[in-house]
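# Topology and contacts: notes
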Amino acid sequence: PHANVRIDRSCTDATMPLTRLSKNRKKRGSVSAGHGRIGKHRKHPGGRGNAGGQHHMRTLFDQFHPGYFGKVGMRQFHRTKARYHCPMINVEMLWSTLPEGTVAPAGQAPVVDVTQHGFFKVGGKGLVAKPMVVKAKLFTAVAEKKIKAAGGACILV
């Protein structure tokens, strides 16, 4: 091109794919572009998505997704979340719920009421280093064992 001729690049975009790199370039001129003359490349011959899972795609669903169809368990009408609300804290976190610098009188263990901190249940993860009296609605068996082994007590609220 001449030195004073400008090339208009306004229509080219960095996100547009280069035509010469498209997979279809080598198939130009061939009638069916690699999809066969008889079967023809149609839109969605087997249905869209998971269509036919219980019909013509059954072997695939049975093999790779067993239990995909059907129901399990019993229905519960008017299930309220409040009935199953049970926040849990582990024994390793009990000491941190006490205010800093808490010192129990000699011969007495500090009292930890986990319900005041929004927890209902005490789990058994971690270690209990010092004796303490723990108040909660529920204790796991491991938590109760660890608290009592450290010289503490479990009180159901």
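For the structure itself, look to the data block above.
Here's what I pulled together on the structure shown here.

Once that is clear, we can look at the sheet that holds strand β2 (residues 111-113). Spatially, the three strands line up as an open sheet ordered β2-β4-β6, and their pairing is parallel. Unpaired on one side and paired on the other, β2 and β6 (153-156) mark the two borders of the sheet. Pairs of neighbouring strands in the sheet enclose a mean axial angle of 20°, with direction left out of account.

A complete count under the given rule lists three aromatic pairs for this structure. With a centroid separation of 4.8 Å and an interplanar angle of 85°, the aromatic rings of Tyr68 and Phe69 are classed as edge-to-face. On the basis of relative accessible area, Tyr68 is assigned to the partly exposed category, the value being 47%. For Phe69, a relative accessible area of 38% translates into the label partly exposed. The structure contains a cluster of three or more aromatic residues connected by ring pairs, namely Phe61, Tyr68 and Phe69. Cation over ring: Arg79 sits above Tyr84, and NZ or CZ is 4.2 Å from the ring centre. The residue whose ring lies beneath Lys137 is Phe120, and the NZ or CZ to ring-centre distance is 4.0 Å.

All right, on to the pairing of strand β4 (residues 133-136) then. Bridge count for β2 against β4 is three bridges, and the pairing is parallel. The partner of Val111 across the bridge, within β4, is Val133.

The subject of this paragraph is the sheet that holds strand β3 (residues 121-123). Spatially, β1-β3-β5 is the arrangement adopted by the three strands of the open sheet, whose pairing is parallel. Two strands lie at the open edges of the sheet, namely β1 (88-90) and β5 (138-139), each paired on one side alone. Of the pairings in the sheet, the one linking β1 to β3 comprises three bridges and is parallel in character. Within β3, the position partnered with Met88 by the bridge is Lys121.

Here Thr15 is to be found in the segment before α1 (58-64). The exposed category is assigned to Thr15, whose relative accessible area is 65%.

Let us look at the pattern of salt bridges. Two side chains that carry opposite charge are able to pair once their charged atoms sit near each other. Counted under the stated rule, the structure contains two salt bridges. Among the ionic pairs, Lys125 bridges to Glu92, the shortest N-O distance being 3.2 Å. Of this pair, Lys125 sits in the loop between β3 and β4 while Glu92 sits in the loop between β1 and α2 (94-97), placing them 33 residues apart in sequence. Residue Glu144 pairs with Lys148 through a salt bridge whose shortest N-O separation is 3.0 Å. Separated by four residues within a single helix, Glu144 and Lys148 lie in helix α3 (residues 141-149), roughly one turn from each other. Look at Lys148 and you get partly exposed, because its relative accessible area is 47%.

Thresholds, definitions, all that
Residue numbering note: each chain is counted from 1, following its sequence as written. It should be noted that, the model being predicted, local features are given only for residues of pLDDT at least 70 and side-chain atom pairs only at 80 or more, the latter also being counted only at that level, while totals for whole chains, interfaces and linings use all residues. For side-chain calculations, the full set of non-hydrogen atoms in the structure is used, while hydrogens and water are omitted. Here, a strand pair is defined by DSSP locating no fewer than two bridges between the strands. Secondary structure counts use DSSP, requiring at least four H or I residues in a row for a helix and at least two E residues in a row for a strand, with both numbered from the N terminus. Between the N-to-C directions of two axes lies an angle of 0 to 180 degrees, each axis being a line fitted to C-alpha atoms and, for a helix, fitted only over the stretch in contact. Paired rings are identified among Phe, Tyr and Trp, the last through its six-membered ring, by centres lying within 6.5 Å, and are further divided according to the angle between planes into stacked (under 30 degrees), edge-to-face (over 60) and tilted (the rest). Each residue's exposure class comes from its accessible area (1.4 Å probe, protein chains only) as a fraction of the maximum for that residue type: buried when under 20%, exposed when over 50%, partly exposed otherwise. As a reminder, the over-ring test applies to NZ of lysine and CZ of arginine, requiring each to be within 6 Å of the ring centre and within 35 degrees of the ring normal. Each reported salt bridge corresponds to a side-chain nitrogen of Lys or Arg within 4 Å of a carboxyl oxygen of Asp or Glu.

Spatial relationships are all this shows, so hold off on functional conclusions.
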